Amino acid sequence: MASHVATRRAERLQSYGLPLLFVLLLGWLLIGPLWGQPGLPNSADGLLHLHRGAAMARSWAAGIIWPRWFPDVYQGLGAPVFHYYSPLFYLAVAPLHLLGLPLDLSAKLVLSGFFVGSGLATWAWLRRLLSPAAGYAGAALYLSQPHLFREYYFRGDYPQVLALLLLPVVLWAFTRLYEEGHWTNWLAAPLSLVALVTAHNITALLSIGVLVLYLS
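Let me sum up the structure you'll find in this document. (Residues numbered from 1 in each chain as written. Predicted model: local features only at pLDDT ≥ 70, side-chain atom pairs only at ≥ 80, totals over all residues. Heavy atoms only, no water.)

## With respect to a nonpolar patch on the surface
Put simply, the rule reads: Candidates for patches are residues over 30% relative accessible area with no salt bridge; among them, like charges are joined within 9 Å and nonpolar side chains (Val, Leu, Ile, Met, Phe, Trp, Tyr) within 5 Å. Using the Shrake-Rupley algorithm and a 1.4 Å probe, accessible areas are obtained, with residue cover drawn only from the displayed protein chains. What counts as a salt bridge is simple: a side-chain nitrogen of Lys or Arg found within 4 Å of a carboxyl oxygen of Asp or Glu. The buried label goes to any residue with under 20% of its type's maximum accessible area, the exposed label to any with over 50%, and the partly exposed label to all in between, with areas taken from a 1.4 Å probe on protein chains only.
Nonpolar side chains collect at one region of the surface, where Leu 48, Tyr 74, Leu 77 and Tyr 84 lie side by side and expose about 410 Å² of accessible area between them. Judged by relative accessible area, Tyr 74 falls into the partly exposed class, the value being 39%.

## Here's the deal with the packing of helix 9 (residues 183–199) against helix 10 (residues 201–215)
Condition: Angles here are taken between N-to-C directions and fall from 0 to 180 degrees, while the axes themselves are lines fitted to C-alpha atoms, restricted in helices to the stretch in contact. Only DSSP runs of H or I reaching four residues or more are called helices, and only runs of E reaching two or more are called strands; each is numbered from the N terminus. Should an angle fall under 35 degrees it is called roughly parallel, over 145 degrees roughly antiparallel, and 65 to 115 degrees roughly perpendicular, with every other angle called oblique. Any two residues having at least one pair of non-hydrogen atoms within 4.5 Å are treated as being in contact. By the convention adopted, Pro, Cys, Tyr, Trp, Phe, Met, Ile, Leu, Val and Ala count as nonpolar, Lys, Arg, Asp and Glu as charged, and the other residues, Gly among them, as polar.
For the pair helix 9 and helix 10, the least separation of the axes is 6 Å and the interaxial angle reads 140°. One way to sum up the angle between helix 9 and helix 10 is to call them oblique. Where helix 9 abuts helix 10, its residues Leu 193, Leu 196, Val 197 and Ala 199 lie against Asn 201, Ala 204, Ser 207, Ile 208 and Leu 211. Of the residues that constitute the contact of helix 9 with helix 10, the class distribution is 7 nonpolar, 2 polar and no charged.

## What to know about the side chain of Ser 86
Selection rule: The term polar contact refers here to a pair of N or O atoms within 3.5 Å; inside protein, the definition further demands a hydrogen-donor-capable atom paired with an acceptor-capable atom, and it admits residues adjacent in sequence only when both atoms are side-chain atoms.
Mapped onto the elements of the fold, Ser 86 is located in the loop between helix 3 (46–61) and helix 4 (88–98). Classification of Ser 86 as buried rests on a relative accessible area of 7%. Of note is the side chain of Ser 86, whose polar atom sits 2.8 Å from the backbone oxygen of Val 197. Within polar-contact distance, the side chain of Ser 86 engages the backbone nitrogen of Asn 201 at 3.0 Å. Apart from the residues within four sequence positions on either side, Ser 86 is in contact with Val 197, Thr 198, Ala 199, His 200 and Asn 201.

## Observations regarding the packing of aromatic side chains
The condition is simple: Whether two aromatic rings pair depends on their centres lying within 6.5 Å, for rings of Phe, Tyr and Trp, where Trp uses its six-membered ring; planes under 30 degrees apart make the pair stacked, over 60 edge-to-face, and the rest tilted. Geometrically, a charge over a ring is one whose NZ (Lys) or CZ (Arg) sits within 6 Å of the ring centre while staying within 35 degrees of the ring normal.
Scanning all chains against the criterion turns up 11 aromatic pairs. Summarising the aromatic geometry, the rings of Phe 70 and Phe 82 are spaced 5.4 Å apart at their centres and angled 70° between planes, so their arrangement reads as edge-to-face. Of this pair, Phe 70 sits in the loop between helix 3 and helix 4 while Phe 82 sits in the loop between helix 3 and helix 4, placing them 12 residues apart in sequence. Each of the two residues, Phe 70 as well as Phe 82, counts as buried. Among the aromatic residues, those joined into a ring-pair cluster are Trp 66, Phe 70, Phe 82, Tyr 85, Phe 89, Tyr 90 and Tyr 158. Across the ring face of Tyr 85, the terminal group of Arg 52 is positioned such that the distance to the ring centre comes to 4.9 Å. Above the plane of the ring of Trp 35 lies Lys 108, whose end atom (NZ or CZ) is 5.6 Å from the centre.

## Points about the packing of helix 8 (residues 158–179) against helix 9
Which entries qualify depends on this criterion: Rotating anticlockwise by less than a right angle from the far helix to the near helix defines a left-handed crossing, while the corresponding clockwise rotation defines a right-handed one.
Where helix 8 contacts helix 9, the axes come no closer than 8 Å and their chain directions differ by 165°. Comparing their axes, helix 9 and helix 8 come out roughly antiparallel. Helix 8 and helix 9 meet at a crossing whose hand is left-handed. Packed against helix 8, whose contacting residues are Pro 159, Leu 162, Ala 163, Leu 166, Val 169, Val 170, Ala 173, Phe 174, Arg 176 and Leu 177, the element helix 9 presents Asn 185, Trp 186, Ala 188, Ala 189, Pro 190, Ser 192, Leu 193, Ala 195, Leu 196 and Ala 199 at the interface. Here the contact of helix 8 with helix 9 is built from residues that sort into 17 nonpolar, 2 polar and 1 charged.

## Considering helix 6 (residues 132–143)
We apply this condition: Expected span of a helix, by definition, is 1.5 Å for each gap between consecutive residues, and there is one gap fewer than residues. Working note: the arc is built from the helix axis to C-beta atom directions.
With 12 residues, helix 6 extends 17 Å from end C-alpha to end C-alpha; this agrees with the ideal 16 Å at 1.5 Å per step. Every buried residue of helix 6 is listed here: Ala 134, Gly 135, Gly 138, Ala 139, Tyr 142 and Leu 143. In a view along the axis of helix 6, the buried residues occupy a sector of 140°, so they form one face of it. Away from the buried face of helix 6 by more than 90 degrees, exposed residues Ala 133 and Leu 141 are located.

## Here's the deal with the pattern of salt bridges
Scanning the model with the defined rule gives 5 salt bridges in all. With its nearest N and O atoms 2.8 Å apart, the salt bridge here joins Arg 128 to Glu 179. Here Arg 128 is found in helix 5 (residues 103–129), whereas its partner Glu 179 is found in helix 8, with 51 residues between them in sequence. The partner of Arg 155 in a salt bridge is Asp 157, with the nearest N and O atoms 3.3 Å apart. Shared partners join several salt bridges into a network, and the residues in it are Arg 150, Glu 151, Arg 155 and Asp 157.

## Some points on the environment of Ser 216
Inspection of the secondary structure assignment puts Ser 216 in the segment after helix 10. There is a polar contact of 2.9 Å between the side chain of Ser 216 and the backbone oxygen of Leu 213.

## Comments concerning the nonpolar core
Keep this limit in mind: Think of a nonpolar core as a cluster: buried Ala, Val, Leu, Ile, Met, Phe, Trp, Tyr and Cys residues, connected wherever their side-chain atoms sit within 4.5 Å.
In terms of nonpolar packing, the biggest core is built from 51 residues, with Phe 89, Phe 115 and Tyr 152 touching the most fellow members. The element contributing the most residues to this core is helix 8, with 13 residues. Look past the residues within four positions of Phe 115 in its chain and what remains in contact with it is Val 23, Leu 26, Gly 27, Leu 30, Ile 31, Leu 143, Tyr 152 and Leu 165.

This is how it looks when you write it as C-alpha cells:
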C-alpha cells in the first residue's frame, strides 16, 4: 500500500510539479528583471496601458461595470476605448488595483500569471502531440522568443503580450477538443478563443488563421 501511494505521488510530481517548477524557473530567468526594481520599464506604450487599467478601476468603483467612455485618457479629452480595443489586460489589472495594489504591481502580477499559464499550456500541448521532452523544449523556446522581450522591456504593449501568451492555451484546448470530444473540452476551447479575442483583436485575427491551418 505504501509503495502504491509513493508511486502515485511520484507520478503526480512528474505530471504537475516538475512542469510548474520548470516554468517558474523560466519566469525567474526571463521576466525576473521586471521584479528586480520598483515600477515598470519606461516603454513606449506601457504607461498608456497602465492609465487605461486605472480608468477601468475608477469606472468599477463608480458602479460602471462596462465603461463606454474613459473621460480621463488622452490628456483629458476622453475616448471610447472599448469600442475598438480589447479589454482583457485592463479587466485583469482593475480588480487587483481595487484591492489596494499599486498599478505597476498589479500589471506585474497579471503578466507573470499569464507567463506561467502559457508555459504550462505549451508544455501540455506539445507533450500531448510529441513527448514530455518536446513540451519542456517548446515551453522554453516559446517563452524566450525575442518579441516578448521587446514588449516586456521596450515597447510595453501589454495586451498584445497577453494574446501571445494565450496562443498556446488555444492550441492546447483545441487539440484536446479534436482528440477528446468531452463536454469540458467543448467548453474550454471556445472560451480560450474568447480570451484571445478579448486580449488583442489583431493578434487574435492572425492567430485564428494559424489555428485553422493547424486543425486542417
